[in-house]
Amino acid sequence: MTAATIDGKVFAEGLRERVAAAVPDFQAATGRAPGLAVVLVGEDPASAVYVRSKGKATLAAGMESFEHRLDATTGQDDLLALIGRLNADEAVDGILVQLPLPPQIDEKAVLAAIDPDKDVDGFHVVNAGRLAVGEEGLVPCTPLGCLMLLKDRLGELSGLEAVVIGRSNIVGKPMAQLLLRESCTVTIAHSRTRDLPGVVRRADIVVAAVGRPEMVTGDWLKPGATVIDVGINRIAAGEGKTRLVGDVDFASAAAVAGAITPVPGGVGPMTIAVLLRNTVVAAFARAGLTAPAGL
Ligand code: GUN
């Protein structure tokens, strides 16, 4: 192994401390703490775990957490009515509706109903548009976390070749926009890309977000490349056990890359830290205040 390991856990802890340090400033100026509302529809066990950790992290940062757990049979109108109340609630700065939603609910309509200035997931088309045209807005947590790790590792990104593998609205597309904003030369590769290894081999920066266990191997990489692995895949590990792996084959990639995020402990811990960051940034912006630097 030659690559440096990019420790997302340590970076995320630092970010959470900076977020927590901004809370008393906001409180002094407004008389209240920033508030995050998280909405969970149904009892999907993985979603329930995420929602619980988001609530705990929100409280640990000194912010207000509002949890709304709705029955799996909740109708579209009831969910939209709740979002309307959260939009109007002055104590709520951020609204996150945990995905996926049950089949009777139209996800697009729900995301479109969230006030874009409270859209801490950055999934609203208005925020996607703001990112695309270079206006201030809320940016999806996972790609913003990846960008923070890249800038921390590499400093200036201008002029670097970046290949994003995956074109989802949640990771791939916003990641590409963020890298473009940093003046990288950006390629978005996907399942129909011809000669994917050849495309990836050009990259100084590789962001893998495809959901295919250990797909990217060391022989696909340019020596010294910086590799960000967004994948979280559970695979069989023999004797009835399982283990978590990324979209990158860590062992072979680490022999070629300059730096790489591990799974777990790379991008994963960043998502909630950036969610807290987005909530504080949304709170300052809504109050007409400037958020402290370093967020
Ligand atoms: N489900 C899995 N990841 C996410 C996320 O980042 N945001 C929301 N709202 N739901 C998710």
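The text that follows walks through the structure, step by step, so that each part is easy to find. (Residues numbered from 1 in each chain as written. Predicted model: local features only at pLDDT ≥ 70, side-chain atom pairs only at ≥ 80, totals over all residues. Heavy atoms only, no water.)

## Section: the overall build of the chain
Across its full length, the chain carries ten helices and eleven strands. On C-alpha atoms alone, the chain measures out to a radius of gyration of 19 Å, which is about the 19 Å that the 2.2 N^0.38 rule sets for 295 residues. Taking the principal axes of the C-alpha coordinates as reference, the chain spans close to 55 × 45 × 35 Å. Here the chain holds 295 residues, and the buried ones make up 47% of them. Accessible area of the chain: about 13,400 Å², with a carbon and sulfur share of 53%. Separation between the mean location of the 28 positive side-chain charges and that of the 34 negative ones in the chain comes to 4 Å. (Helix = DSSP H or I, 4+ residues; strand = E, 2+ residues; numbered from the N terminus. Rg over C-alpha atoms; globule rule 2.2 N^0.38 Å. Buried < 20%, exposed > 50% of the residue type's maximum accessible area, 1.4 Å probe, protein only. Areas by Shrake-Rupley, 256 points an atom, 1.4 Å probe, with all protein chains shown as cover. Lys, Arg positive; Asp, Glu negative; His and termini not counted. Charge placed at Lys NZ, Arg CZ, Asp CG, Glu CD.)

## Here's the deal with the site of the ligand
Around the ligand, a shell composed of Leu96, Val97, Gln98, Leu99, Asp121 and Phe123 is seen. A distance of 2.9 Å separates a nitrogen atom of the ligand from a polar atom in the backbone of Leu99. Within the complex, the protein chains bury 77% of what would otherwise be the 280 Å² of accessible surface of the ligand. Taken together, the residues of the shell around the ligand sort by class into four nonpolar, one polar and one charged. (Near = heavy atom within 4 Å. Polar contact = N/O pair within 3.5 Å; in protein donor to acceptor, adjacent residues only side chain to side chain. Nonpolar A, V, L, I, M, F, W, Y, C, P; charged D, E, K, R; others polar.)

## Notes on unusual backbone geometry
The omega torsion across Leu99 and Pro100 is 0°, close enough to zero to call that bond cis. One can find Pro100 in the loop between strand E4 (94-97) and helix H4 (107-113). Of note, the bond from Val263 into Pro264 is cis; its omega dihedral lies within 30 degrees of zero at -5°. Located in the positive-phi region is Asp195, a residue other than glycine, with phi close to 50°. Counting through the fold element by element, Asp195 comes out in the loop between strand E6 (185-189) and helix H8 (196-200). Asp195 gets classed as exposed once you look at its relative accessible area, which sits at 54%.

## So, the pairing of E4
Residues of E4 alternate between two faces, with Gly94 and Leu96 on one and Ile95 and Val97 on the opposite face, all of them buried. Of the strand pairs in this sheet, strand E2 (residues 35-41) and E4 are connected by four bridges, and their pairing is parallel. Each bridged residue has a counterpart across the sheet, and for Leu36 the counterpart in E4 is Gly94. (Pairing = 2+ DSSP bridges.)

## Considering helix H3 (residues 76-88)
Every α-helix winds through 3.6 residues per turn, so residues three or four apart in the chain are directed the same way. Across its 13 residues, H3 extends 19 Å between first and last C-alpha, which sits within 8% of the 18 Å expected from 1.5 Å per residue. Every buried residue belonging to H3 is among Gln76, Leu79, Leu82, Ile83 and Leu86, and all of these are buried. End-on, the buried residues of H3 take up no more than an arc of 130°, which puts them together on one face. Seen from the open side of H3, the exposed residues pointing more than 90 degrees away from its buried face are Asp77, Asp78, Arg85 and Ala88. The secondary structure elements touched by the buried residues of H3 are E2, strand E3 (64-70), E4 and H4. (Expected span 1.5 Å × (residues − 1). Arc of directions from axis to C-beta. Contact = heavy atoms within 4.5 Å.)

## A few points about the nonpolar core
With 55 residues, the main nonpolar core has Leu179, Val207 and Ile228 as its most contacted residues. When residues of this core are traced back to their parent elements, those giving at least two are helix H1 (8-30), E2, helix H2 (45-60), helix H6 (141-154), strand E5 (161-165), helix H7 (172-181), strand E7 (205-208) and helix H10 (268-286). Tallying contributions element by element places H10 first for this core, with ten residues. Those residues in contact with Val207, other than ones at most four positions away along the chain, are Leu150, Val163, Val164, Ile165, Met175, Leu179, Ile228 and Val230. Formed by 20 residues, the second largest nonpolar core is a distinct cluster that contains Val163, Ala203, Met215 and Val248. (Core = buried A, V, L, I, M, F, W, Y, C linked by side-chain atoms within 4.5 Å.)

## Concerning the sheet that holds strand E8 (residues 226-229)
Pairing within the open sheet is parallel, and its six strands lie in the order E1-E11-E8-E7-E5-E6. Unpaired on one side and paired on the other, strand E1 (4-5) and E6 mark the two borders of the sheet. Relative to strand E11 (residues 259-260), E1 runs parallel, the two sharing two bridges. Within the sheet, the bridge partner assigned to Thr5 lies in E11 and is Ile260.

## What to know about the pattern of salt bridges
Overall, the coordinates contain nine salt bridges when judged by the stated rule. The shortest N-O distance in the salt bridge between Glu67 and Arg69 comes to 3.0 Å. Judged by its relative accessible area of 46%, Arg69 falls in the partly exposed class. Across the pair Asp93 and Arg286 runs a salt bridge, and its minimum N-O distance is 3.2 Å. Placement of the pair is Asp93 in the loop between H3 and E4 and Arg286 in helix H10, with a sequence separation of 193 residues. When its relative accessible area of 0% is taken as the criterion, Asp93 is described as buried. (Salt bridge = Lys/Arg side-chain N within 4 Å of Asp/Glu carboxyl O.)

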